[in-house]
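Below are the chains, spelled out letter by letter.
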Amino acid sequence: MIAVKVQGISKSYGKVQAVKRLDLEIQAGTVYGLLGRNGAGKSTTIRMIMDILAPDEGSIRVYDRPMGADVRDRIGYLPEERGLYPKMTLNDVLLFLAAIHGVPRKTSQPRIDRWLERMELGAWKLKKVQELSKGMQQKAQFIGTIVHDPDLIVLDEPFSGLDPVNVNLLKDILLELTRAGKTLIFSTHIMEQAEKLCQNICLIHRGEKVLDGRLSDIKATHGKNSIILAYEGDGRFLDDPSVARKDDYGQYVEVKLADGADPQELLRRAMATAKVSRFEVVTPSLNDIFIQQVGLGEAS
Amino acid sequence: MRKAFEIFRREYVERVRKKSFLIGTLVGPFLIAAMAVIPNMLLLMNPDAARPVAVIDLSGKVAGEMSPLLNTDDNRLKDGSPRFPVTTIGLEGRELAAVQAELGGRIASGALFGYLIVPADLNGEEHAKFYTRNASNLRDIDSLGDALRDVVVPLRFQAVGVQMEMKGIRTLTRGIEVEPVQVGKDGEAQASGAGAQLGKLAAAYGMVIILYMTFLMWGMSIMRGVVEEKSSRVIEVLLSSVTSRQLMAGKVLGIGAVALTQYLAWGLTGVGGYFLMTNRLGMGEWVSTLSAWTLVSFVGFFVLGYLMFASYFAALGACCSTDQEAQQMQQFGALPLMMGFFLGFAVFFNPDSTLATVLSMIPFFAPFIMMIRVSILAPPLWEIAASVGLMILAIFLMTVLAAKVFRVGILMTGKKPTLPEIIRWIRYA
């Protein structure tokens, strides 16, 4: 079953075209990553899927229906711009968010209690939102997104602003939700997160789709010509036509070989001038693919 | 519908729970009562102390008579001694300026309350002048004026050969009142009495002020609520589950219900006030002039006007993204309200004029102008129907427009939109 089908949507703000004729197809029950740099058009796309912005052209169907009240209640949405009523108590806000998604208070209260415990916010239940720290508010907002038990969960940069412990907590919960059959769409510009969670990705650059498909397929088509290399000594052996690109991560260098180049040849040259402590032929990381597609030269 | 109700419910519960609402509801009536009563009480308070007055009588005919006329029964201290002990000052060959300088010194030292200079020619244009530290004490000046009149007027009658006491002169020269009697649509004379007419005016005035305050205060409250949702970024979460129309309907009605709750509380206090007014203060005549028809119109115009201005202010709020912007926008927003309010005063005394009829058909002004007309003179039924009909039409258009501006404007942050941009939003949404 297709959860979300986007056909040829475009959106302009004045003269700036944020999204250009974008097509997406998101299967139910999968984790779908919407990747791209800041300002690539991820949030605009998500807002159009949520029917908060109207596309200039194109169509969007969620569960094979146009957006309407019945569909809305099946979606949980975490916007990029977080916000809760600062003067309401945490519990009241969550009851309210559940209620506007059609869940009566009697049903939602035990769920809220469970989630607050799970998110380590139980002690803050009756505090005003403005008394919570930013990280706590983030977690509270996430509870508000899923409290009505939606089938489709749309998260815009869900990990931003969380500390590593909470990132892990959220990641575990997201995995749990997908195992329970939920469909997950999330946007991020941090590739490691996408790599850990997503089965499918779509890479957007300047409002256009540059890559789309199963993550494993995408990696396969990019071939096994990446090398993780750690060494001590002179690194000039890397200045060679057989090396298409190198990304220095400090502890190691990720090297992308030119088409047809032989990894063994590189190893031989490396051993001649430096002390090699690690040499591994790998599939390229998503980060590597991302940079390759989007181009390092534009990073400025 | 259910979602709009949830928005309504949140709006209502959160606002009614606020401390400011509780305080406003409890203290409001007392504040209003205090505003009405305290200035009068202060005016009536008069310390129980003698106020010595000197009289320089240039005419030579007045000074001797002043004291008994000035110190009437009303102007006596608790122990029965006169409030205004009078001393007559003769010039005795001195310059007037020198005497004035000396008396001025006595005023400054507190020995003298003030001195009166009576002009030489009592029939001339020249005024009598009273020099005192407290020249704004109108009560005392009135007492002096009355006393002086009671001396001078019989003298004038004497001069033309009529020997008569002031009391007799008063009886002869008293005026004759004209009493207004309103004739209704059926040609029958209605409840009469100057008090009744005055009561109608006062009631109309009061009701227009209540309407104005309600529309302005609660309209701005809606605006601030919208801006708050925008600035706290709650709005995007809301719009992912409710439509902008549901959101606006819930907000407008929720805040309206808060206003009604407050008025209901005040109204109950007012019932107590009503009995006080009828029994103690003798203002029953005023209150009883409020016909059922006027009250029904008031409630009607209250609801219609509120709906119109509420959606108007909600749309304005959607155009702002910060509190500062909202404050600037408020002034702009209050403009049509203020115009209606002040035009209301223009038609107060001519509620039947063409101007009044035309103005009462303009939806933005109708709640005020038609309210005044209805409470003062009962205009033809078709005019009321037309005015209400036009308002309902305007409310419909206004909510449609407002929902559109709301829909687009509410996600816009940063730059304040220009008017052409807002018009584009309306076309686009």
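Reading guide: rules and limits
Residues numbered from 1 in each chain as written. Chains lettered and ligands numbered in written order. Predicted model: local features only at pLDDT ≥ 70, side-chain atom pairs only at ≥ 80, totals over all residues. Heavy atoms only, no water. Helix = DSSP H or I, 4+ residues; strand = E, 2+ residues; numbered from the N terminus. Contact = heavy atoms within 4.5 Å. Areas by Shrake-Rupley, 256 points an atom, 1.4 Å probe, with all protein chains shown as cover. Buried < 20%, exposed > 50% of the residue type's maximum accessible area, 1.4 Å probe, protein only. Polar contact = N/O pair within 3.5 Å; in protein donor to acceptor, adjacent residues only side chain to side chain. Buried area = accessible area lost by both parts, 1.4 Å probe. Salt bridge = Lys/Arg side-chain N within 4 Å of Asp/Glu carboxyl O. Patch = residues over 30% accessible without salt bridge, like charges linked within 9 Å, V, L, I, M, F, W, Y side chains within 5 Å. Core = buried A, V, L, I, M, F, W, Y, C linked by side-chain atoms within 4.5 Å. Domains from an automatic or database assignment. Axes fitted to C-alpha atoms, helices over the stretch in contact; angles between N-to-C directions. Parallel < 35°, antiparallel > 145°, perpendicular 65-115°, else oblique. Left-handed = near helix turned anticlockwise from the far one by under 90°. Nonpolar A, V, L, I, M, F, W, Y, C, P; charged D, E, K, R; others polar. Pairing = 2+ DSSP bridges. Phe/Tyr/Trp six-rings, centres within 6.5 Å; stacked < 30°, edge-to-face > 60°. Lys NZ or Arg CZ within 6 Å of the ring centre and 35° of its normal. pLDDT = per-residue confidence, 0-100.

Within chain A, the regular secondary structure consists of ten helices and 13 strands. Overall size of chain A, expressed as C-alpha extent along the three principal axes, is 70 × 45 × 35 Å. Taking the intrachain contacts of chain A between residues at least 6 apart in sequence as the baseline, contacts between residues at least 24 apart amount to 68%. Element-wise, carbon and sulfur atoms account for 49% of the exposed surface of chain A, whose accessible area totals about 13700 Å².

Glancing now at the side chain of A:Lys139. All names here are of chain A. Relative to the assigned elements, Lys139 resides in helix 5 (residues 134–146). Overall, Lys139 belongs to the buried group, its relative accessible area being 9%. Within the structure, the side chain of Lys139 is placed 3.3 Å from the side chain of Asn166, a separation counted as a polar contact. Discounting chain neighbours no more than four positions away, the residues touching Lys139 are Met119, Glu120, Leu121, Leu162, Asn166 and Leu169.

Many analyses report the size of an interface as the accessible area lost when the parts associate. Contact residues are listed per partner, giving 24 residues for chain B and 29 residues for chain A. For the pair chain B and chain A, the two sides together bury roughly 2500 Å², of which 54% comes from carbon and sulfur. Here chain B and chain A share six salt bridges between them. Taken together, the connections running from chain B to chain A amount to nine residue pairs in polar contact (both at pLDDT 80 or more).

Turning to a nonpolar patch on the surface, a few remarks are in order. Residues B:Leu22, B:Ile23, B:Leu26, B:Val27 and B:Leu31 make up a contiguous nonpolar surface patch of about 480 Å² in total accessible area. Locating B:Leu22 in the fold gives a position in helix 2 (residues 19–44).

Residues and elements named next belong to chain B. Applying the stated criterion to the full structure yields 41 salt bridges over all chains. Note that Glu229 is salt-bridged to Lys251, the shortest N-O span being 3.0 Å. Remark: Lys251 occurs in helix 9 (residues 244–279) and Glu229 occurs in helix 7 (residues 194–231); sequence separation between them is 22 residues. Residues Asp352 and Arg373 are paired through a salt bridge, measuring 4.0 Å at the closest nitrogen-oxygen approach. With Asp352 in the loop between helix 12 (323–346) and helix 13 (354–359) and Arg373 in helix 14 (residues 366–377), the pair connects residues that are 21 residues apart, well separated along the chain. Judged by its relative accessible area of 0%, Arg373 falls in the buried class. One salt-bridge network, held together by shared partners, links Arg10, Glu11, Arg15, Glu229 and Lys251.

Further remarks concern the nonpolar core. Nonpolar side chains in soluble globular proteins generally cluster together in the buried interior. One finds A:Phe142 and A:Leu174 to be the most contacted residues of the largest nonpolar core, which totals 154 residues. Excluding anything up to four places from it in sequence, A:Phe142 contacts A:Leu78, A:Met119, A:Leu155, A:Leu170, A:Ile173, A:Leu174 and A:Leu177. Ranked by size, the runner-up nonpolar core spans 17 residues in total, among them B:Val53, B:Phe84, B:Leu148 and B:Val152.

All right, on to the domain arrangement of chain A then. If you check the domain split of chain A, you get domain 1 (2–219) and domain 2 (224–282). Computed over C-alpha atoms only, the centres of domain 1 of chain A and domain 2 of chain A are separated by 39 Å.

This paragraph deals with the packing of helix 11 (residues 292–318) of chain B against helix 15 (residues 381–409) of chain B. Relative placement of two packed helices is described by the angle separating their axes and the distance separating the axes. All names here are of chain B. Running from amino to carboxyl end, helix 11 crosses helix 15 at an angle of 20°, the nearest separation of the two axes being 8 Å. When the interaxial angle is binned, helix 11 and helix 15 end up roughly parallel. By crossing handedness, the relation of helix 11 to helix 15 is classed as left-handed. Its residues assigned to classes, the contact of helix 11 with helix 15 comprises 20 nonpolar, five polar and no charged.

Let us now look at the sheet that holds strand 11 (residues 243–248) of chain A. Residues and elements named next belong to chain A. Read from one edge of the open sheet, four strands run 11-12-10-13, paired in antiparallel fashion. What marks the edges here is a single partner per strand, and that holds for strand 11 and strand 13 (274–282). Direction aside, neighbouring strands of the sheet carry axes that sit 25° apart on average. Pairing between strand 10 (residues 226–233) and strand 13: eight bridges, direction antiparallel. Counted as the bridge partner of Ile227 is Val281 from strand 13. In this fold helix 9 (residues 263–273) packs onto strand 10, strand 11, strand 12 (253–257) and strand 13, with an angle of close to 165° to the strand it touches most, strand 13. Packing against the sheet, helix 10 (residues 286–294) makes contact with strand 10, strand 11 and strand 12, and its axis sits at approximately 120° to strand 11.

The next point concerns the environment of B:Leu359. All names here are of chain B. Within the secondary structure, Leu359 sits in helix 13. Given the relative accessible area of 8%, Leu359 is considered buried. Along the backbone, Leu359 and Val347 are twelve residues apart, and their C-alpha atoms lie at a distance of 9.1 Å. The residues contacting Leu359, other than those within four sequence positions of it, are Leu343, Val347, Phe365, Ala366 and Ile369.

This brings us to the environment of B:Ala403. Residue and element names in this part refer to chain B. When you line up the elements, Ala403 lands in helix 15. The exposure class assigned to Ala403 is buried, which follows from its relative accessible area of 4%. With 91 residues separating them in the primary sequence, Ala403 and Tyr312 have C-alpha atoms 9.7 Å apart.

Turning to the sheet that holds strand 8 (residues 200–205) of chain A, a few remarks are in order. Residues and elements named next belong to chain A. Taken together, six strands build an open sheet; the order of strands is 5-6-7-3-8-9 and the sheet is mixed. This sheet does not close on itself; its edge strands, each paired only once, are strand 5 (75–78) and strand 9 (208–214). This sheet shows a mean twist of 10° between the axes of neighbouring strands, independent of strand direction. Pairing geometry for strand 5 and strand 6 (residues 152–156), over four bridges, is parallel. Considered in strand 6, the bridge of Tyr77 is made with Val154.

What follows deals with the packing of aromatic side chains. One pass over the structure, following the stated rule, counts 26 aromatic pairs over all chains. Judged by centre distance (5.2 Å) and plane angle (75°), the rings of A:Tyr231 and A:Phe237 are edge-to-face. Judged by its relative accessible area of 25%, A:Tyr231 is partly exposed. Among the residues examined, A:Phe237 registers a relative accessible area of 6% and is labelled buried. An aromatic cluster is defined as three or more aromatic residues linked by ring pairs; in this entry it consists of B:Tyr205, B:Tyr212, B:Phe215, B:Phe309, B:Tyr312, B:Phe313, B:Phe341, B:Phe342, B:Phe345, B:Phe348, B:Phe364 and B:Phe368. For the cation-ring pair, B:Arg10 lies above A:Tyr85, with the distance from its terminal atom to the ring centre recorded as 3.4 Å. Over the face of the ring belonging to A:Phe96 we find B:Arg10, whose NZ or CZ atom lies 5.7 Å from the ring centre.

Our focus in this paragraph is the confidence of the model for chain B. All names here are of chain B. With 89% of its residues at a pLDDT of at least 70, chain B reaches an overall mean of 82. The least confident element of chain B is helix 10 (residues 284–288), whose mean pLDDT is 53; the most confident is helix 1 (residues 2–17), at 91. Scoring of the predicted complex yields 0.74 for pTM and 0.79 for ipTM.

Residue and element names in this part refer to chain B. At their nearest, the axes of helix 5 (residues 138–159) and helix 6 (residues 166–173) sit 10 Å apart, and the two run at 80° to each other. Looking at the two axes, helix 5 sits roughly perpendicular to helix 6. Every residue of helix 6 that contacts helix 5 at Arg149, Asp150, Val153, Pro154 and Phe157 is listed here: Met166, Ile169 and Arg170. A class-by-class count of the residues in the contact of helix 5 with helix 6 yields five nonpolar, no polar and three charged.

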